[in-house]
Amino acid sequence: MSAGDPQEPVVGWRIWRVTGGGLRATVWDTLWPARERFDARCRRGSAAYWADEPPAGHRAPDPGCDCGVYAFKRREDAEQLAREKVDGDVIAVGRVSLWGRVIETELGFRAERAYPYDLVLLGGSDELARRIRQEYAVDVSIAPPAVPLHAGGG
Amino acid sequence: MTSKSLMADIGDPIREIEIEPAEEPVPAPLPLPEPAQEPVPA
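What you are looking at is a predicted structure, and each value in this text was computed from that prediction instead of being measured. Sequence order sets the numbering: in each chain, residues are counted from 1 along the sequence as written. Numbering of ligands from 1 and lettering of chains from A proceed in the order in which they are written. Totals for whole chains, interfaces and linings use every residue, but because this is a predicted model, local features are given only for residues with pLDDT of at least 70 and side-chain atom pairs only at 80 or more, for both listing and counting.

J.: An account of the overall build of chain B is requested, with residue identities and associated values reported.
T.: Strands are runs of DSSP state E lasting at least 2 residues, helices are runs of H or I lasting at least 4, and numbering of each runs from the N terminus. When helices and strands are counted, chain B shows 1 helix and 1 strand. Counting only residues that meet the buried cut, chain B has 5% of its 42 residues in that class. In this scheme every C-beta is placed from the backbone, and a residue whose C-beta has 20 or more other C-beta atoms within 10 Å is buried, one with 12 or fewer is exposed, and one in between is partly exposed.

See below:
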């Protein structure tokens, strides 16, 4: 982690579900608004941790809670999560800037504020990548098709 | 996948920090579209 300078956001890795409407969190399906800071709000005891309702009494992330924007330190961990999430939807793996209150953990972070840094789409079209790039103003590329484990040779 | 399992994925807390960047890494909003103007008769 490069959190030595408290003036510079931490950069972690996470995944999003990509829909026609934009980027969505894979756990709670919360929309990450384009060109707006994503603020974590705790709604402990409710169905989701991020919503338009007022915070439930504490600033996110709280050390005693599990609220906040989640990110990994290593790309491989985000990619592993993406593989578990592949169910027909387009998944984006990418770096995310994190700031505000940030809780560093062994393998990642929980943060108060966030915005995507860059994205790689697993699947999707050039048109979808272009639209996400334009809406969110971040670099977006498409991952090359995965090579089957037993392709070639033989 | 729940926040509980995600919490397990990222491990135990190490420390808490406050990061207040001089400039937040959020791009400027798109300019509003120009209002449609009806043609003015000559």
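J.: Describe helix H2 (residues 126–136) of chain A, listing the residues and the values that go with them.
T.: Residue and element names in this part refer to chain A. Buried within H2 we find Ala 129, Ile 132 and Tyr 136. Across the axial projection of H2, the buried residues extend over an arc of 65°, all falling on one side. Looking at H2, the residues exposed on the side facing more than 90 degrees away from the buried face are Asp 126, Glu 127, Arg 130 and Gln 134. Its buried side turned inward, H2 meets strand E1 (10–19), strand E7 (108–122) and strand E8 (139–142). Backbone geometry just downstream of H2 places Ala 137 in the positive-phi region, at approximately 55°. What the arc describes is the spread of directions from the helix axis to the C-beta atoms. Distance between backbone-placed C-beta atoms decides contact: two residues are in contact if it is within 7 Å.

J.: I'd like to hear about unusual backbone geometry, residue by residue, with values.
T.: All names here are of chain A. Here the amide bond leading from Ala 60 into Pro 61 is cis, since omega sits at -5°, within 30 degrees of zero. By secondary structure assignment, the location of Pro 61 is in the loop between strand E4 (38–39) and strand E5 (69–72). A positive phi angle, near 60°, is found at Arg 35, a position not held by glycine. Topologically, Arg 35 is positioned in the loop between strand E3 (31–32) and E4.

J.: Give a detailed account of the interface of chain A and chain B, specifying residues and quantitative values.
T.: At the junction of the two partners, chain A supplies 30 residues and chain B supplies 27 residues. Among the elements of the structure, E5, strand E6 (90–105) and E7 of chain A are those that each provide at least two residues to the side of chain A that touches chain B. Sort the elements by how many residues they give to the side of chain A that touches chain B and E6 of chain A lands first, with 8 residues. Under the scheme applied, nonpolar residues are Ala, Val, Leu, Ile, Met, Phe, Trp, Tyr, Cys and Pro; charged residues are Asp, Glu, Lys and Arg; polar residues are all the others, including Gly. Of the residues in the side of chain A that touches chain B, the class split is 15 nonpolar, 6 polar and 9 charged. Two strands make a pair as long as DSSP finds a minimum of two bridges between them. Pairing of E6 of chain A with strand E1 (residues 13–19) of chain B, which is carried by 6 bridges, proceeds in the antiparallel orientation. Residue pairing in the sheet places Gly 100 of chain A in a bridge with Ile 19 of chain B of E1 of chain B.

J.: Quick rundown of the nonpolar core? Include the residues and the values.
T.: Residue and element names in this part refer to chain A. Among the nonpolar cores identified, the biggest contains 41 residues, and Ala 71, Ala 92, Leu 98 and Ala 111 are the most heavily contacted of them. Put simply, the parts of the chain that give this core at least two residues each are E1, E5, helix H1 (75–85), E6, E7 and H2. Per-element tally for this core: the top contributor is E6, with 8 residues. Dropping the residues within four chain positions of it, Ala 92 is found in contact with Ile 15, Trp 16, Val 18, Leu 23, Leu 119, Val 120 and Leu 121. Joining buried Ala, Val, Leu, Ile, Met, Phe, Trp, Tyr and Cys residues through C-beta atoms within 7 Å gives a set, and that set is a nonpolar core.

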